[in-house]
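What follows is each chain in one-letter form.
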Amino acid sequence: MPFRSRPDQPRDLLAQIEAEIRERIEEALDHVSLDVMVQRRRARGLPAPAPENPGDRQEFEAGVRTFLEHLTAELSRDLGAEARQRVDQAVARAGRDPSARLVAAQVAMARTLPDYWQRFEAVRVAYAAGQVTSSRDGRGLLGRLLGR
């Protein structure tokens, strides 16, 4: 009997596990980006992001990508040779799309590192704090340099 509960799920168990991990990672990435956007806007006294606003959607997607790049760099530092090889193989199978390659790296790390989610959470907390703190004064780099 197949293990699928939805018609679009893969038939074999390993593919299903990988799909579930990918889905959980993508949901977590979305949550991080949205949380950072909301916190930044609160700190500046701005309204919450709106899903129908194209600019907000663009900011959200850029936030996902930025955090994903940061997360990959942070978690890759501690990989041993065998784990790095698994990640490299997964990335190679993901094709040319940079975002797909980054997500594939995260899926491979989640399957390889026994404490992946604890590491994810530690990186998320530090990243979110840095993003919100850096946006609190609202001036940007040029404003800070000019003392405005």
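This text follows the structure it describes.
Summarised in this report is the structure supplied together with it. (Residues numbered from 1 in each chain as written. Predicted model: local features only at pLDDT ≥ 70, side-chain atom pairs only at ≥ 80, totals over all residues. Heavy atoms only, no water.)

It is worth spelling out the packing of helix α3 (residues 81-93) against helix α4 (residues 98-112) at this point. Two packed helices can be described by the angle between their axes and the distance between those axes. Interaxial distance between α3 and α4 falls to 8 Å at its minimum, and their mutual angle equals 145°. Between α3 and α4 lies a crossing of right-handed hand. Contacts between α3 and α4 involve A83, R86, V87, A90, V91 and A92 from the former and R101, A104, A105, A108, M109 and T112 from the latter. Its residues assigned to classes, the contact of α3 with α4 shows 9 nonpolar, 1 polar and 2 charged. (Axes fitted to C-alpha atoms, helices over the stretch in contact; angles between N-to-C directions. Helix = DSSP H or I, 4+ residues; strand = E, 2+ residues; numbered from the N terminus. Left-handed = near helix turned anticlockwise from the far one by under 90°. Contact = heavy atoms within 4.5 Å. Nonpolar A, V, L, I, M, F, W, Y, C, P; charged D, E, K, R; others polar.)

Every α-helix winds through 3.6 residues per turn, so residues three or four apart in the chain are directed the same way. Along its 15 residues, α4 runs 21 Å from first to last C-alpha, staying within 8% of the 21 Å computed at 1.5 Å per residue. For α4, the full list of buried residues reads L102, V103, A104, A105, Q106, V107, A108, M109 and A110. (Expected span 1.5 Å × (residues − 1). Buried < 20%, exposed > 50% of the residue type's maximum accessible area, 1.4 Å probe, protein only.)

A separate point is the packing of helix α1 (residues 13-44) against helix α2 (residues 54-76). One can describe the packing of α1 onto α2 by two numbers: an axis separation of 8 Å at closest approach and a directional angle of 120°. With respect to the hand of their crossing, α1 and α2 are arranged in right-handed fashion. Across the interface between the two elements, L29, D30, V32, S33, L34, M37 and R41 from α1 touch D56, E59, F60, G63, V64, F67, L68 and L71 from α2.

Moving on, we come to a nonpolar patch on the surface. Among the surface-exposed residues, L13, L14 and I17 lie close enough to one another that they form a single nonpolar patch of about 260 Å² accessible area. Along the polypeptide, I17 turns up in helix α1. Look at I17 and you get partly exposed, because its relative accessible area is 36%. (Patch = residues over 30% accessible without salt bridge, like charges linked within 9 Å, V, L, I, M, F, W, Y side chains within 5 Å. Areas by Shrake-Rupley, 256 points an atom, 1.4 Å probe, with all protein chains shown as cover. Salt bridge = Lys/Arg side-chain N within 4 Å of Asp/Glu carboxyl O.)

A few words on the environment of A48. Within the secondary structure, A48 is located in the loop between α1 and α2. Placed 10 residues apart in sequence, A48 and V38 show a C-alpha to C-alpha distance of 5.7 Å. Those residues in contact with A48, other than ones at most four positions away along the chain, are R41 and D56.

Moving on to the nonpolar core. Of all hydrophobic cores here, the largest spans 31 residues; its most connected members are L29, F67, L71, M109, Y116 and F120. Of all the elements in the fold, those that place two or more residues in this core are α1, α2, α3, α4 and α5 (116-135). Dropping the residues within four chain positions of it, Y116 is found in contact with I25, L71, L75, Q106, M109 and A110. (Core = buried A, V, L, I, M, F, W, Y, C linked by side-chain atoms within 4.5 Å.)

Moving on to the packing of aromatic side chains. Taken as a whole and assessed by the stated rule, the structure comprises 5 aromatic pairs. Here the aromatic rings of F67 and F120 are separated by 5.7 Å at their centres, their planes lie at 80°, and the arrangement is edge-to-face. Here the residue F67 occupies a position in helix α2, and F120 occupies one in helix α5, the gap between them amounting to 53 residues. Grouping residues by exposure puts F67 and F120 together as buried. When the centroid spacing of 5.2 Å and the interplanar angle of 50° are considered together, the rings of W117 and F120 count as tilted. (Phe/Tyr/Trp six-rings, centres within 6.5 Å; stacked < 30°, edge-to-face > 60°.)

Time to look at the environment of N53. Note that N53 resides in the loop between α1 and α2. At a separation of 2.7 Å, a polar atom in the side chain of N53 contacts the main-chain amide nitrogen of G55. (Polar contact = N/O pair within 3.5 Å; in protein donor to acceptor, adjacent residues only side chain to side chain.)

Function-wise, these values are silent; they only describe arrangement.
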